[in-house]
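# Examination of the molecular architecture
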Amino acid sequence: MNRINQIFIVFLVIFTASCAQKKDRGLLFWQETAQEQLFASAQQQYQAGRYKDALMLYQQYLTQFPDTAQTPAVLLKIGQSHAHLDQYENAFSAFSRIEASYPRTQYAREAGVERLALFYKTGEYEKVTVYAGNVLGQALSAAQRIRVNVIAGDSYMVLKSPQDAYHSYLDAFRLADGGEKQKVISRLKTAVAMMDPSDLAQALVVLEDRPPAGYLMYQLGLHHMAAGFAGDAVTTFSDFLEKFPGHEHAEAARQYIADLEASAIMDRHIVGCLLPMTGKYEQFGRQALRGIEFALSEFSRTRGIGSVRILVRDTASDPQVARQGLDALADAGVSAIIGPIATAENVSAHAQELRIPMVVLTQKPGVTDAGDYVFRNFLTPAMQLRTLANYAAASLFAKRFAILYPDENYGDVYMNLFWDEIMATGGKVVGVEAYDPAKTDFGDPIKKLVGLYYDIPEDLVEAPSTTPMVFNESACPEFPIAAPDVSDILSVEGSGNWHDKLMTAIMESRETAEAEKSEEAGPDPIVDFDALFIPDSPNKAGLIIPQLAYHDIDGVHLLGTNLWHSDKLIDMARKHVQGAVVAEGFFAESRAVHVHRFVSGFKYVYGGEVPGFIEAVSYDTAWILFDLITRPDIRFRAQIKQELYAMPPFTGVTGATTFDPTGEAVKDLYLLKVQGRRFVEIAEKGSPPQQ
């Protein structure tokens, strides 16, 4: 082959290849153009609302171009077109295909939102509420989140769960803006209108005056008004106007307040007293009434106000009678109620239903759980033990504590509460022992507390000392080192000869106790605690405390409940109880001027009778309420309730008192110490005496 032919052949090959490439590029260009035109045509039909035509074009696209970058977008439009045409099964199929074939893409997330909308369309509202959380857990856009929350809220509304709907709509409301926000707020208002007052109040606390708190507060006022609770309605509408003066419902709220105040029926100068004037607890009822009556006379005299009255109803120490008495006081229009005592837990819920502020006088746990109209002003176990623990830690510098308690419900409660309070102060409980409350010999639990109960291994026993032992005579010879067998003493509690019986038993057991102690000489006790808490009566504590000395437990601080505040304890334990500390709700011998004035006045009126805690706490409670109901701005029970929660510390004869958010009194208790033959008030170091 000559050179000319070779050149021709090479040229022919190059020309042929070039023509082929041009043909392929032309084909590819044609395909891309057709693909874009077909997709654009389908989109045009979809946007025009011609879903059948759009669906046909999208399906044609998939047939001609089955695997392109636009495929998931086309599948999404196919599913949406089926949904618009109510072809739900086909729509579900398209969305499921996207989620299976293109997971973790924007198309899969949108398909999830569309499936949720289909659940709502097909009436599967429960499925919406179940799967909405899963969909919201993905990286959705703001618009998608708004849509999902609205769908979920609509489903909750159908399921008659407005509180859940409110939360869904609220999430959508916070994401929306402009026109979107207006659409959501209309749904939010509907949910709020259907919510219970308790749910509305809780939602308001969470919102902290942020939108849409105004709508919630206004609706809460309407609820109170519809239920006939004028005071609550006025209070709520007043708060609403103060916080949202420019709200669209402000003018309506002002008109409601004017109408409600014009129809007020409460006799605001009458305080009801629901007390056991007969029955098992008659004594306590009469003590409480004396305190209230004395408060009324003193208030009227010092304030020059003669319009305040009290209305007493007897509970007869019976729950049913107490409920009838509460209804009678409500019908009489009393502004608030003092009491009951023993039946408080039986009527507190009813007082809440009637929306009457009630300040109960009882230790029984849980009474204030009935609602925000129920308060308690009384000495509770938790109050005492918190005061004791704080004083022991801060002033006695105690770090390690032991508890010796009766094996019964009372002892269990006080033991656990004290342990909790010690931990709260940063202290440590290093020993806890229970004893049989029916016994009078407490040797075994005391030995267990200090490591003397169990035998010590022989290799740890020290050789006996050869140094002669010297026994010193007790500085208080009428009290033995060991506790006597006085099982018959408790049976005559309150009789005139209990002290003589105790002395006789002590003298008879003295020689035996001395001999037993010499014979039982062994290892020293391990007293690894700074303070010992014994929650029991003065009679029982009076038996236990001398036995501590017998087992060489000394140098520790003794802590007790207010039950220890009794001369019997000092008579029985004498020198061994010196320095013991108790928390008390009232101390008639206090140095405080206002307490001295109260005690003197009470004794003058009631023939020399010294007031106790019941009289004192009833006096304080009455004075607090008298002070509130005579304020000109207080017209409704709801305002009294509100002011009780908000009041500054009231300096009463039972200490400074406020109420916490649960209605429980927070009191500055007295701390008493045994000194000689009497109890004295402890003046905190660095703190001035009470005024």
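Our subject is the structure that appears above.
Residues numbered from 1 in each chain as written. Predicted model: local features only at pLDDT ≥ 70, side-chain atom pairs only at ≥ 80, totals over all residues. Heavy atoms only, no water.

### Focus on the overall build of the protein
Broken down by element type, the protein carries 25 helices and 15 strands. Put simply, the protein has 691 residues, and 47% of those count as buried. Put simply, 63% of the contacts in the protein that link residues at least 6 apart link residues at least 24 apart. For the protein, the computed accessible surface area is about 34,600 Å², with 52% contributed by carbon and sulfur atoms. (Helix = DSSP H or I, 4+ residues; strand = E, 2+ residues; numbered from the N terminus. Buried < 20%, exposed > 50% of the residue type's maximum accessible area, 1.4 Å probe, protein only. Contact = heavy atoms within 4.5 Å. Areas by Shrake-Rupley, 256 points an atom, 1.4 Å probe, with all protein chains shown as cover.)

### Quick look at the environment of Met-647
Examined against the element boundaries, Met-647 turns out to sit in the loop between helix 25 (637–646) and strand 11 (650–652). Remark: the alpha-carbon pair of Met-647 and Ile-624, spanning 23 residues in sequence, is separated by 9.5 Å. Leave out the neighbours within four places in its chain, and Met-647 touches Ile-624, Thr-657, Thr-658 and Phe-659.

### With respect to the packing of helix 3 (residues 71–84) against helix 5 (residues 106–121)
Closest axis-to-axis distance for the helix 3/helix 5 pair is 10 Å, and the angle between their directions is 10°. What the angle tells us is that helix 3 and helix 5 run roughly parallel. The residues of helix 5 that touch helix 3, namely those facing Pro-72, Ala-73, Leu-76, Gln-80 and Ala-83, are Tyr-107, Glu-110, Ala-111, Glu-114, Leu-118 and Lys-121. Here the residues of the contact of helix 3 with helix 5 are counted per class, giving seven nonpolar, one polar and three charged. (Axes fitted to C-alpha atoms, helices over the stretch in contact; angles between N-to-C directions. Parallel < 35°, antiparallel > 145°, perpendicular 65-115°, else oblique. Nonpolar A, V, L, I, M, F, W, Y, C, P; charged D, E, K, R; others polar.)

### Observations concerning the nonpolar core
In terms of nonpolar packing, the biggest core is built from 101 residues, with Phe-418 and Leu-559 touching the most fellow members. With residues near it in sequence (within four places) discarded, Phe-418 still touches Leu-385, Leu-388, Ala-389, Phe-401, Ile-403, Phe-533 and Leu-559. One finds Ile-185, Leu-204, Ala-253 and Phe-636 within the second-largest nonpolar core, a separate group that totals 38 residues. (Core = buried A, V, L, I, M, F, W, Y, C linked by side-chain atoms within 4.5 Å.)

### Overview of the side chain of Ser-348
When you line up the elements, Ser-348 lands in helix 16 (residues 344–354). Owing to a relative accessible area of 4%, Ser-348 belongs among the buried residues under this scheme. Each residue touching Ser-348, except ones within four places of it in the same chain, is listed here: Met-358, Val-367, Ala-370 and Val-374.

### Considering the packing of aromatic side chains
How two aromatic rings sit relative to each other is given by the distance of their centres and the angle of their planes. Across all of its chains, the model carries 29 aromatic pairs by this definition. Considering the side-chain rings of Phe-401 and Phe-418, the 6.0 Å spacing of their centres and the 75° angle between planes classify their relative orientation as edge-to-face. Taken together, the residues span a long stretch of sequence, with Phe-401 in strand 6 (residues 400–406) and Phe-418 in helix 18 (residues 409–425) at a distance of 17 residues. Here Phe-401 matches Phe-418 in class, with each residue buried. Through a chain of ring-to-ring contacts, three or more aromatic side chains come together here, namely Phe-294, Phe-299, Phe-586, Phe-598, Phe-602, Tyr-606, Tyr-619, Trp-623 and Phe-626. Above the ring of Phe-173, the side-chain terminus of Lys-181 is found at 4.1 Å from the ring centroid. Sitting above the plane of the Phe-229 ring, Arg-355 keeps its charged end 4.2 Å from the centroid. (Phe/Tyr/Trp six-rings, centres within 6.5 Å; stacked < 30°, edge-to-face > 60°. Lys NZ or Arg CZ within 6 Å of the ring centre and 35° of its normal.)

### Structural notes on the sheet that holds strand 6
Adjacent strands of a sheet form backbone hydrogen bonds with each other and so pair up, either parallel or antiparallel. If you walk across this open sheet you meet the seven strands as 7-6-8-9-10-14-15, and the pairing is mixed. Among the strands making up the open sheet, the edge pair consists of strand 7 (428–435) and strand 15 (678–681). Averaged over all pairs of adjacent strands, the angle between their axes in this sheet comes to 25°, without regard to strand direction. Bridging between strand 14 (residues 670–675) and strand 15 involves four bridges; their strand directions are antiparallel. Of the residues in strand 15, the one forming a bridge with Val-674 is Phe-679. Each of strand 6, strand 7, strand 8 (531–533) and strand 9 (557–560) touches helix 18; the most contacted strand, strand 6, lies at about 170° to it. (Pairing = 2+ DSSP bridges.)

### Side note on the packing of helix 8 (residues 162–175) against helix 9 (residues 179–194)
Packing of helix 8 against helix 9 brings their axes to within 9 Å, and their N-to-C directions diverge by 160°. Between helix 8 and helix 9, the crossing angle belongs to the class labelled roughly antiparallel. Note that helix 8 runs across helix 9; the crossing there is left-handed. Facing Pro-162, Ala-165, Tyr-166, Tyr-169, Leu-170, Ala-172 and Phe-173 of helix 8, the residues of helix 9 in contact are Lys-181, Val-184, Ile-185, Arg-187, Leu-188, Ala-191, Val-192 and Met-194. Looking at the contact of helix 8 with helix 9 residue by residue, the classes come out as 13 nonpolar, no polar and two charged. (Left-handed = near helix turned anticlockwise from the far one by under 90°.)

### Details of the pattern of salt bridges
Considering all chains together, one arrives at 23 salt bridges under this definition. The salt bridge involving Asp-232 is made with Arg-355; its shortest N-O contact spans 3.7 Å. With Asp-232 in helix 12 (residues 230–243) and Arg-355 in the loop between helix 16 and strand 4 (358–360), this residue pair connects regions lying 123 residues apart in the sequence. Using a relative accessible area of 18% as the deciding quantity, one classes Arg-355 as buried. The partner of Glu-298 in a salt bridge is Arg-301, with the nearest N and O atoms 2.8 Å apart. With Glu-298 and Arg-301 both in helix 14 (residues 282–303) and three residues apart, the pair spans about one turn of that helix. Overall, the relative accessible area of 58% leaves Arg-301 in the exposed class. Linked by salt bridges that have partners in common, Asp-232, Arg-355, Asp-372 and Lys-641 make up one network. (Salt bridge = Lys/Arg side-chain N within 4 Å of Asp/Glu carboxyl O.)

### Considerations on helix 8
Spanning 14 residues, helix 8 covers 20 Å between terminal C-alpha atoms, matching the ideal 20 Å at 1.5 Å per step. Every buried residue belonging to helix 8 is among Pro-162, Ala-165, Tyr-166, Ser-168, Tyr-169, Leu-170, Ala-172 and Phe-173, and all of these are buried. Looking at the buried positions of helix 8, the neighbouring elements they touch are helix 7 (142–158), helix 9, helix 10 (197–207) and helix 11 (213–226). (Expected span 1.5 Å × (residues − 1).)

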